[in-house]
Amino acid sequence: MNFENILVYKDGAIGVIKINRPEVRNALDARTLLEIEQALDQWERHEEVKVIVLTGEGDKSFAAGADIKQLREKTAVDALFPGLSGLCRKIENASKVTVAAINGYALGGGCEVALACDIRVATEEAKFGLPELNLSIIPGAGGTQRLARIIGKGRAMDMILTGEIISAKKAEEFGLVSKVVSREELWETVLEKTSKILAKGPLAIRLAKQVVHRGFDADMDTALILEKLAQSILFSSEDKQEGITAFLEKRSPRYQGR
Ligand code: CO8
């Protein structure tokens, strides 16, 4: 597929997906959603790519939400199709680690895409909000659920009902992003996080992601069983032997993903 609305490139072990519609603040129209899905599939299949980064072109916006012009045409039936909601689920379920590098506005569906990523880092200028109620719709791509799970029900309810746009600093206080840095430091921060992740065993990364995501929505007993089973798989892996041997021999581990 020829990408028109996103830029897709590789930087070492990072597969980058950059939303490239700065003239409309990187609003997510149908084509952009389709392209992001295709790019995700491409990076999922790419052996050298271990981390997938979503970001936005320009210094104003990560993504200003669903394309409001296209929303006008949407019918009740359209809301039942996966669309943006399916994309967010796909991001969350990616086998590789996903990072949102938030370079500006992350509003509505744009915020929901960021919420679906495993890790969120932002520039000081970034702003966050779920202003859908201004249009008399609700955050419909998982935002009502993921925001509450990440920052707590009370704060999520406040943001959703008031539509207030919050600063990066406030988002960090809320735990909506894990780090806020200057614009110049954003990519460096992504690289730092990636190099820490790459030093870990690939099987452990994959299972940790699944246990946190799936366990979070399960009851405690089920979640703890998931954790035990994942640990049991890891205990029988060559990588676990290598990790422990390397620690005892005071050297860096050489993981094979087995
Ligand atoms: N969609 C389409 N166009 C947009 C969008 C958008 N979301 N956001 C900005 N634009 C366009 C503007 O219309 C404008 O176009 P033009 O130059 O032709 O007038 C251009 O981008 C620049 O916008 P501004 O002049 O407003 O730029 P500012 O820098 O002053 O402001 C903001 C930037 C704050 C981002 C502002 O543009 C804004 O508030 N945008 C709308 C944000 C919003 O309400 N987002 C939520 C959208 S609804 C949604 O995401 C629903 C998700 C769930 C869907 C589930 C479906 C089943």
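**Brief notes about the environment of Thr55**
Moving on, step 1. Inspection of the secondary structure puts Thr55 in strand 3 (residues 51–56).
Moving on, step 2. On the accessibility criterion, Thr55 (7% relative accessible area) is buried.
Moving on, step 3. Each residue touching Thr55, except ones within four places of it in the same chain, is listed here: Val16, Ile17, Lys18, Ile19, Phe62, Ala101 and Asn103.

**Side note on the domain arrangement of the protein chain**
Moving on, step 1. We note that the domain assignment places domain 1 (6–198) and domain 2 (202–248) within the protein chain.
Moving on, step 2. Relative to domain 2, the C-alpha centre of domain 1 lies at a distance of 27 Å.
Moving on, step 3. If you look at the interface, domain 1 gives 11 residues, while domain 2 gives seven residues.
Moving on, step 4. At the boundary of domain 1 with domain 2, total buried surface from both sides reaches about 780 Å², with 44% on carbon and sulfur atoms.

**Section: the site of the ligand**
Moving on, step 1. In the neighbourhood of the ligand, 20 residues make up the surrounding shell, with Arg25, Ala64, Ala66, Ile68 and Gly109 lying closest.
Moving on, step 2. The separation between an oxygen atom of the ligand and a polar side-chain atom of Arg25 is 3.0 Å.
Moving on, step 3. The separation between an oxygen atom of the ligand and a polar main-chain atom of Ala66 is 2.8 Å.
Moving on, step 4. Here the ligand loses 65% of its free accessible area of 1,100 Å² to cover by the protein chains.
Moving on, step 5. Sorting the residues of the shell around the ligand by element identifies helix 2 (68–71), strand 6 (105–107) and helix 4 (109–116) as the ones contributing at least two each.
Moving on, step 6. Broken down by class, the residue content of the shell around the ligand amounts to 11 nonpolar, four polar and five charged.

**Comments concerning the side chain of Thr32**
Moving on, step 1. Its place among the elements puts Thr32 in helix 1 (residues 30–45).
Moving on, step 2. On the basis of relative accessibility, which here comes to 0%, the residue Thr32 falls in the buried class.
Moving on, step 3. When neighbours within four sequence positions are excluded, Thr32 is seen to be in contact with Asn5, Ile6, Ile19, Arg21 and Ala27.

**What about the environment of Tyr9?**
Moving on, step 1. Within the element layout of this structure, Tyr9 appears in strand 1 (residues 6–11).
Moving on, step 2. Remark: the alpha-carbon pair of Tyr9 and Trp43, spanning 34 residues in sequence, is separated by 9.6 Å.
Moving on, step 3. Excluding residues within four positions of it along the chain, Tyr9 makes contact with Ile14, Gly15, Val16, Lys18 and Trp43.

**Section: the pattern of salt bridges**
Moving on, step 1. According to the stated counting rule, one finds 20 salt bridges in the structure shown.
Moving on, step 2. For Glu92, the salt bridge goes to Arg89, with nearest N and O atoms at 2.5 Å. With a gap of three residues between them, Glu92 and Arg89 both fall in helix 3 (residues 83–92), about one helical turn apart.
Moving on, step 3. Given the relative accessible area of 9%, Glu92 is considered buried.
Moving on, step 4. Residue classification places Arg89 among the partly exposed positions, given a relative accessible area of 38%.

**Considering helix 10 (residues 220–235)**
Moving on, step 1. The end-to-end C-alpha separation of helix 10 is 22 Å, in line with the 22 Å expected for 16 residues at 1.5 Å each.
Moving on, step 2. For helix 10, every residue scored as buried is listed here: Ala223, Ala230 and Leu234. Viewed along the axis of helix 10, the buried residues span an arc of 45 degrees, placing them on a single side of the element. Residues of helix 10 that are exposed and point over 90 degrees away from its buried face: Asp221, Ile225, Lys228, Leu229 and Phe235.
Moving on, step 3. Summarising the contacts, the buried residues of helix 10 are in contact with helix 9 (202–216) and helix 11 (238–248).
Moving on, step 4. For helix 10, the N-terminal cap is Asp219; the gap from its side-chain oxygen to the backbone nitrogen of Asp221 is 3.2 Å.

**Topic: the pairing of strand 5 (residues 97–102)**
Moving on, step 1. With six of six residues buried, strand 5 is to be regarded as a mostly interior element.
Moving on, step 2. Alternating positions in strand 5 separate into two faces, Val97, Val99 and Ala101 on one and Thr98, Ala100 and Ile102 on the other, with burial throughout.
Moving on, step 3. Pairing analysis gives five bridges linking strand 3 to strand 5, with the strands arranged parallel. The partner of Thr55 across the bridge, within strand 5, is Ala101.
Moving on, step 4. Sheet topology places strand 5 next to strand 7 (residues 119–123); four bridges connect them, and they run parallel. If you follow Ala100 over to strand 7, its bridge partner there is Arg120.

**Considering a nonpolar patch on the surface**
Moving on, step 1. There is a patch of nonpolar side chains on the surface, built from Leu133, Ile138, Met157 and Leu161 and spanning about 390 Å² of accessible area.
Moving on, step 2. Relative to the elements of secondary structure, Ile138 occurs in the loop between strand 8 (127–129) and helix 5 (143–151).
Moving on, step 3. Overall, Ile138 belongs to the exposed group, its relative accessible area being 57%.

Basis of the calculations
- Residues numbered from 1 in each chain as written.
- Predicted model: local features only at pLDDT ≥ 70, side-chain atom pairs only at ≥ 80, totals over all residues.
- Heavy atoms only, no water.
- Helix = DSSP H or I, 4+ residues; strand = E, 2+ residues; numbered from the N terminus.
- Buried < 20%, exposed > 50% of the residue type's maximum accessible area, 1.4 Å probe, protein only.
- Contact = heavy atoms within 4.5 Å.
- Domains from an automatic or database assignment.
- Buried area = accessible area lost by both parts, 1.4 Å probe.
- Near = heavy atom within 4 Å.
- Polar contact = N/O pair within 3.5 Å; in protein donor to acceptor, adjacent residues only side chain to side chain.
- Areas by Shrake-Rupley, 256 points an atom, 1.4 Å probe, with all protein chains shown as cover.
- Nonpolar A, V, L, I, M, F, W, Y, C, P; charged D, E, K, R; others polar.
- Salt bridge = Lys/Arg side-chain N within 4 Å of Asp/Glu carboxyl O.
- Expected span 1.5 Å × (residues − 1).
- Arc of directions from axis to C-beta.
- Pairing = 2+ DSSP bridges.
- Patch = residues over 30% accessible without salt bridge, like charges linked within 9 Å, V, L, I, M, F, W, Y side chains within 5 Å.

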